[in-house]
Structure formats: C-alpha cells, structure tokens
Amino acid sequence: MKVGYPRAVHYYDYFPFWAGFFRGLDLELITSPLTNRQVLEQGLKKASDETCLPIKLLVGHIQALSGMGVDALFLPRMVSVEEKTYLCPKLLGLPESVFASVPEGMGVLTLDFNMRQGKRRVIRTLEEFAEGLGKTGAEARQGFLLAQNWQEHYESRRHEGRSFGESMGEFDPRLAGEAGRTIRFDNPDRDESAAVLTVALVGHPYLTQDNYANLNLVAKLGERAHVRFIEEMEPQGIEQGLQGLHKSVFWSHARKIMGAGASYIGDEAVDGVIYLSCFGCGTDSMTQDMVARIARQQHKPYMVLTLDEHSGEAGLVTRLEAFLDMTERRVQRESNFSAHG
Amino acid sequence: MKVTFPHMGNAWIVIQALFETLNVDVAVPPPTSKGTLNLGTKLAPESSCLPLKINLGNYIEAAAKGADTIAITGGIGPCRFGYYGELERQILRDAGYSYEVVILEPPDGSLWGLAKRIRYLAGRHNSWTKILKAIRFAYRKSVALDRVEDLIHAARPRLAEPLAAEKLYSKAKQHLIEASEDKGLEEAVFWVQQSIKECQAPLRGEKPLRVGVVGEIYTILDPFSSLDVEQQLGNLGVEVNRSIYLSSWVGQHVFQGLAQGYHPLRDYPRLAKPYLPHFVGGHGQETVGAAVQFAREGADGIIQLLPLGCMPEIVASSVLPRIQADYRIPIMTLTVDEHSGRAGVQTRLEAFVDLLERRRIRTLTREDVLNVARE
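Note that the structure is predicted; figures quoted are calculated from it, not measured. (Residues numbered from 1 in each chain as written. Chains lettered and ligands numbered in written order. Predicted model: local features only at pLDDT ≥ 70, side-chain atom pairs only at ≥ 80, totals over all residues.)

Draft legend 1. Region of interest: the overall build of chain A. The helix and strand inventory of chain A stands at 14 helices and 10 strands. Scaling as 2.2 N^0.38, a compact globule of 341 residues should have a C-alpha radius of gyration of about 20 Å, and chain A matches this with 20 Å. Dimensions of chain A along its principal axes, counting C-alpha atoms only, are 65 × 40 × 35 Å. The burial tally for chain A puts 48% of its 341 residues in the buried class. Relative to all contacts within chain A whose residues are 6 or more apart in sequence, the contacts with residues 24 or more apart total 71%. (Helix = DSSP H or I, 4+ residues; strand = E, 2+ residues; numbered from the N terminus. Rg over C-alpha atoms; globule rule 2.2 N^0.38 Å. Buried ≥ 20, exposed ≤ 12 C-beta atoms within 10 Å, placed from the backbone. Contact = placed C-beta atoms within 7 Å.)

See the structure below:
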C-alpha cells in the first residue's frame, strides 16, 4: 500500500516523525513533488479563498498526489506536539476543512495527534491507527520509537546548523535527489568574503523552506548574507527570548518564532532580522507585532515580508535589497542609522 | 484604581453591575463608534482580528475617563482571543498609556492565581461570599438580558411599527441596568413579553422567515461589529435565532461549564461530529454544530458571521458547504472588518432574504406568478 504525504504545512516540521512511524509499519510513504506553479494554481482553484497560503498550497499538493499512484492520503490532525501548546486552529481543522478538495477515489488516513493527553494516549491512538491498516500494536510501538528517534535526529541536525535540504534529505529521498538543484541554501557561486552580514530569517518553516512559495528568497538572501533560521536555535535560546512576556504563548510555532526572533534580535552576531509571514496568518499577526516591538526597543534592523499568491518577485527583491543596503551601511559605518525606515 | 473592560454588545451591563455591587470604581468605555474603531485600528497590528482593534479603541476612550486598570478574560488557545490581554498590554504600554492589565484566567492552570487576581480587582473590603454573590447576580442579569434579546428578535418581524421593537429594547435594557435584585430582572423580562403581546400586529398569512445566525461570538454579540446584522434582518421581516448568547459564553468560558446559560452550548460538539469531530479553538465547532441544529429545526437559512481572518471560523466555513448540501439549506458567510460598509452588508442580506422567500414558493402556480408580478 502506497500512502501519500503532501509536502505542505507540517511536513516541514514533523515529516521525519511520520516517515519513521510508517517505516515501522512497513508502509511506503510518498511525498508530493516540490511546490511548483501547477501545485499553487491547483491549490488556488480548489481551496477556500479565505484561508491562508499554506493551506492553499496543501490543497495543491493533495491534487499533485493524485497522479502518483497513491492509494491513500495521510493527513494527521496535529493538535499539539508538546504540553501546554496547540498548533494553529487551521491545522486542528485538518483534514475536514480540505475534504472537499480531495480527489475522488483517494482515501484519507487520519488520526488525532495530541501530546497534551500524554504519551500513553498518543501511543494508544497510533496503535488503533495501525490496527485499522491491518498492522499490529507491536509494530505501531516500534514505529513510534523509530519516529521519535528520527525526529530527534532531524532536530539535532538542524541545531548543528545543517541546512533543511540536507537534514530532511536523509528521510525524504526526493529532497536528497533534488537538493543540489532546487534547494540551494548555500549558493555555490557565492563569494564567502562578500557576505559580511548575518541575517536571521524568522517565520514558519513552510514559508522559509518552501523555495517556490517564498520566491527563492533564501537563495537571494544567501548571496549577500549568512542566513540563520529559527530551527537552528536551541530550546534554551528560545526560552530566553520569551522571558519578557507576562503570559506564555500557546501556539507551538508562534512560541518558537517569538522566542527565536527575540533571541536573534538580542544576538550581537546577527545584523538584521527578517520576518517572513503570509497574508491571513492569524498567529503571525500577533507574534510579528511583538517581535517588531522588541526589534524597535533594541534598534535592530527588522523587516516583515508578507507573502501571498500574488507576490511578485520584483517587489520582493527591491525590498530585500533596500533592507540589506541599510543593514550593511549600519554595520560598516557603525553609525546610528534608523533601524526601521 | 479605576477599572475598565472592553465592550462586547450588552456585556457592559453585566460587568458594570458586577463591579458596582462590589463597590469597585469602574469606567465603562463610551459606546463603540466608528471613532473608537479608528483609534484601535491605528494601534493594532494590521492583520489582527477586528475585536482586538475595537478593544484597543475602547481602552483609549476609557483612559480619557480616568481608567487605569483593564479587566479581560483570557484563554489557553488556540483562538487568538486568549492572547489579547498580553498583546494589548504591550501595545498600550508602547503607545504611552499606563494601564495595568489583569487577565482573569487561572495562570498556568492555578486557581489560586485566579483567586489572587480577583482579589486584586475586588479589593480588600469585599468578602469572598460577597464576591461570589455578586458574580451570581451578574450571571443572572446576563441570562435576563439574553431572554430580552431573544424576545426582541421575535418581536422585530411581528410588530406593526418598525421602530417599536427598538424602543422596547432600549427601554428594557434600561430596566435591566437599574435592576439590583432578582425581582427586577424578572419584571423586566415579563414587561417585554407583555408589551410585545399588546402591540403585536395580526399575522399576515405565513410565519416570518427564520434565519439562524452562527459564527464568531464577538461579531454575533456586538451589533456594532456586525453592522447590526440582526436588526437589519429583523427589519427585513426575518426572525433571528442565534447560536450563542452572552450567558452561555459566560457559563462555558468563565464558569467552565458549571452553569449553562440561557442557551447551552453543550449539544453543539455532538451535532458537529459528522462534519468536524474535533474542536478547533474559538467557537468553530459550535458554529458547525449550531448550523446542523438550525438545519434540523427547519430554519429557512443560516448566516455565518466572522471577522476577517478569524482562524476557527475559516475552518468552520470550509465545512459548512457540506451541511448546506446535506440539509438543502442556504448558508451565507458574511465577513466583516474595519472596512465593511453598511450598504454592502444590507445588499447581501436583502439578496439572501429574497432567495429564502423564493424558496418558500417552491412550486409556483399561475396565480403566484401574477401576484409576484403585481407586487
């Protein structure tokens, strides 16, 4: 049985976990192709027009899977991955909110993944899921161990500073094959000495790591600066960044973005921070504002880039160049250029 | 210390009553207006949801009345409202307002922490018995308000004079504001019932159309934010039923289900199950459940209200088309934000009500057609 996994939303964080779990169940997990024009167009056509770009891309990826000989689609409901936090409501609404766009004849496999209920309940859910597919509980438990292992391995790779393409490529053969061509986090033509800046690109990984959705921003940024991502930040760094808050943030991603963003702002080695967001993102609307406040207090160059399906490359490049010029001048002359326009 | 709080429809009547019973100095923000919204929009993040913008406007206007402490409820997500308190604190601080923000929730699940916050607001001179008594009375007031509101919804399409219902409503609210014990609450509700009976127009032919209003709580409860959708529907001759009332929200959100309010929310998750089996934060699942309930009860149509970008309601709205197909009931989604105009909303409501009226006359006879033509 071939199970399809759309390369969208939680793929960018939790794919190693699910890849490990399905390996434990001895089932083949196939990812959809890298985001491309057709994926985006299909997504725009089939998804609800009020939802956000990542969900539209998800719908596009589901369509892309239909031509790949996939028997069923795996779309877990990721409720929570750690205690005391949730993922975004739109992820809680999966898969029901995209049912209308699932191609006819494609089954949907789903389960509720909720770490707030404790590990025991999660394992029980995974066992039930496995039993539904004709596998045994033992295989599910085996899968869970492997899944945790793979996820930890992936995260530690990222903490070491390895690129997304390289770390994820270990679990996703498709990415490894294409990594050299499309996933270019380190531009080989880049003159290392020219990159005097270090810029942190904070935002959801489904935007920062999807090079079609972000209009190849990372490669462009990489030509002039060393790019840091939130995934490279160790948990202590994130905790440290959250200290000024009177109330803890209850979305896992927003928490990570907020904490890592604040830490990067406080980091002397980082010259500027770019917040990559997308139109209609609910959690970003709040974290983005709070990160901006911290940047303003500490006079760190800061810019918000908002993506949507109408984003044009020229507009993005202009803003990026202006930002980098401003940051460079600040660094070189060490004078007090205004950090926010 | 002078306490203020954000507006949400009639909630101020209840909150004011609560604080005044406890002899806490309170500044009710002036009624929300276009000016309030403009003030809030300037400070709020651009893509934050509408209620946040209105809240901020309320605080700024209350600051002019001398308020220095904000009381707001919280939450642990995943709806954005749960984080309003902290974000609003930061925004107001940076804008130069010296507000203390007290979020009424158990911080990290600690009831002791909640008790301390209540104690902080209520001051030393109130005993716990008095505080609990005040809370209970305020709750009963919210139930009475909901009953009155429901009666007004029924009255609007039935009273001969269009403005009669509004006059009745504001008078009833005045009675409820003044009521300081249970007897007064009962009398106000009874008075509204009697008044409606007296000036009810004889029904012409059919019963009025019935539309269920579901969706995001703030836009349902706060007529300013929805540009008076319920009143506009009433004026079009429609009886409005809504999915969620103030007291049910208080019962569920503040009392954690210990009280159920005027119209309990507890059935909704079960009804929503075939379409959305998991909560999605806010009242997304309740919206779906309520839509199912209205459809089963034979409502003529359903309107979903939400502020632009509301995450739980977007999930709900992508599920609603399946209910529309299964129950053959028209469902319209109405999104509002600070740029919404009254005329735009009115046009959409009129078109929707027209559609519902046509559906009633499913099989047209020759005479029906002539009648429509004559009208």
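Read on for the rest.
Draft legend 2. Molecular detail of the domain arrangement of chain B. All names here are of chain B. Here chain B is described as being made up of domain 1 (3–126), domain 2 (132–156 + 158–203) and domain 3 (208–375). The C-alpha-based centres of domain 1 and domain 2 are spaced at 27 Å. Each partner contributes to the interface: domain 1 provides 7 residues, whereas domain 2 provides 10 residues. (Domains from an automatic or database assignment.)

Draft legend 3. Highlighting the nonpolar core. Residues A:Trp18, A:Leu201 and B:Ala291 are the most contacted members of the largest nonpolar core, which totals 205 residues. Per-element accounting of this core gives the leading share, 9 residues, to helix α6 (residues 128–155) of chain B. Setting aside residues no more than four positions away along its own chain, A:Leu201 makes contact with A:Thr208, A:Val218, A:Leu221, A:Val227, A:Phe229, A:Ile274 and A:Leu276. (Core = buried A, V, L, I, M, F, W, Y, C linked by C-beta atoms within 7 Å.)

Draft legend 4. Summary view of the environment of B:His7. Within the secondary structure layout, B:His7 lies in the loop between β1 (3–4) and α1 (11–21). In sequence terms B:His7 and B:Pro29 are 22 residues apart; their C-alpha atoms lie 7.3 Å from each other.

Draft legend 5. Just the confidence of the model for chain A, in detail. Chain-level statistics for chain A give a pLDDT mean of 89 and a share of 92% at 70 or above. Low pLDDT, under 50, characterises residues 179–187 of chain A; the predicted model gives this stretch 20 contacts beyond four residues in sequence or across chains. (pLDDT = per-residue confidence, 0-100.)

Draft legend 6. Broad picture of the pairing of strand β7 (residues 197–203) of chain A. Residues and elements named next belong to chain A. Summarising burial for β7: 6 of the 7 residues are buried, a large majority. The pairing of β7 with strand β8 (residues 225–229) spans 5 bridges and is classified as parallel. Its bridge partner lying in β8, Leu201 is registered against Phe229. With 5 bridges joining them, β7 and strand β9 (residues 272–278) adopt parallel strand pairing. Paired with Gly203 across the two strands is Leu276, which belongs to β9. (Pairing = 2+ DSSP bridges.)

Draft legend 7. Up close: the domain arrangement of chain A. Residues and elements named next belong to chain A. For chain A, the assigned domains are domain 1 (2–159) and domain 2 (189–333). Inter-centroid distance (C-alpha atoms) of domain 1 to domain 2 is 27 Å. Counting only elements with at least two residues in the side of domain 1 that touches domain 2, the list comes to α1 (11–24), α2 (37–46), α3 (53–65) and α6 (137–159). If one sorts the elements of the side of domain 1 that touches domain 2 by residue count, α3 sits on top with 4 residues. Grouping the amino acids of the side of domain 1 that touches domain 2 by side-chain chemistry returns 14 nonpolar, 5 polar and 5 charged. (Nonpolar A, V, L, I, M, F, W, Y, C, P; charged D, E, K, R; others polar.)

Draft legend 8. Spatial organisation of the packing of helix α12 (residues 252–266) of chain A against helix α13 (residues 282–297) of chain A. All names here are of chain A. Orientation of α12 relative to α13, taken along the N-to-C sense of each, is 15°, at an axis distance of 10 Å. Classified by the interaxial angle, the pair formed by α12 and α13 is roughly parallel. In this structure, α12 crosses over α13, and the sense of that crossing is right-handed. Contact with α12, carried on its side by His253, Ala254, Ile257, Met258, Gly261, Ala262 and Ile265, involves Thr283, Thr287, Met290, Val291, Ile294 and Ala295 of α13 and no other residues of that element. (Axes fitted to C-alpha atoms, helices over the stretch in contact; angles between N-to-C directions. Parallel < 35°, antiparallel > 145°, perpendicular 65-115°, else oblique. Left-handed = near helix turned anticlockwise from the far one by under 90°.)

Draft legend 9. Quick peek at helix α14 (residues 313–333) of chain A. All names here are of chain A. Over its 21 residues, α14 extends 30 Å from the first C-alpha to the last, a length consistent with the 30 Å expected when each residue adds 1.5 Å. Among all positions of α14, only Leu320, Phe323, Leu324, Thr327 and Arg330 are buried. Each buried residue of α14 lies within a common arc of 120° when the element is viewed along its axis, so the set occupies one face. Along α14, exposed side chains directed more than 90 degrees from the buried face belong to Ala314, Thr318, Glu321, Ala322, Asp325, Gln332 and Arg333. (Expected span 1.5 Å × (residues − 1). Arc of directions from axis to C-beta.)

Draft legend 10. The arrangement of the sheet that holds strand β1 (residues 2–5) of chain A in detail. All names here are of chain A. In space, the 4 strands of this open sheet follow the order β2-β1-β3-β5, with parallel pairing throughout. Each end of this open sheet is capped by a strand with a single partner; those strands are β2 (28–31) and β5 (107–109). When the angles between neighbouring strand axes are averaged without regard to direction, this sheet yields 35°. On top of the sheet, α1 reaches β1, β2 and β3 (72–74); it is set at about 165° to β1, its chief contact.

Draft legend 11. Main features of the interface of chain A and chain B. Contacts between the two partners involve 28 residues from chain A and, on the opposite side, 34 residues from chain B. Elements with a contribution of two residues or more to the side of chain A that touches chain B: α4 (89–92) and α13 of chain A. When grouped by side-chain class, the residues that make up the side of chain A that touches chain B number 11 nonpolar, 9 polar and 8 charged.

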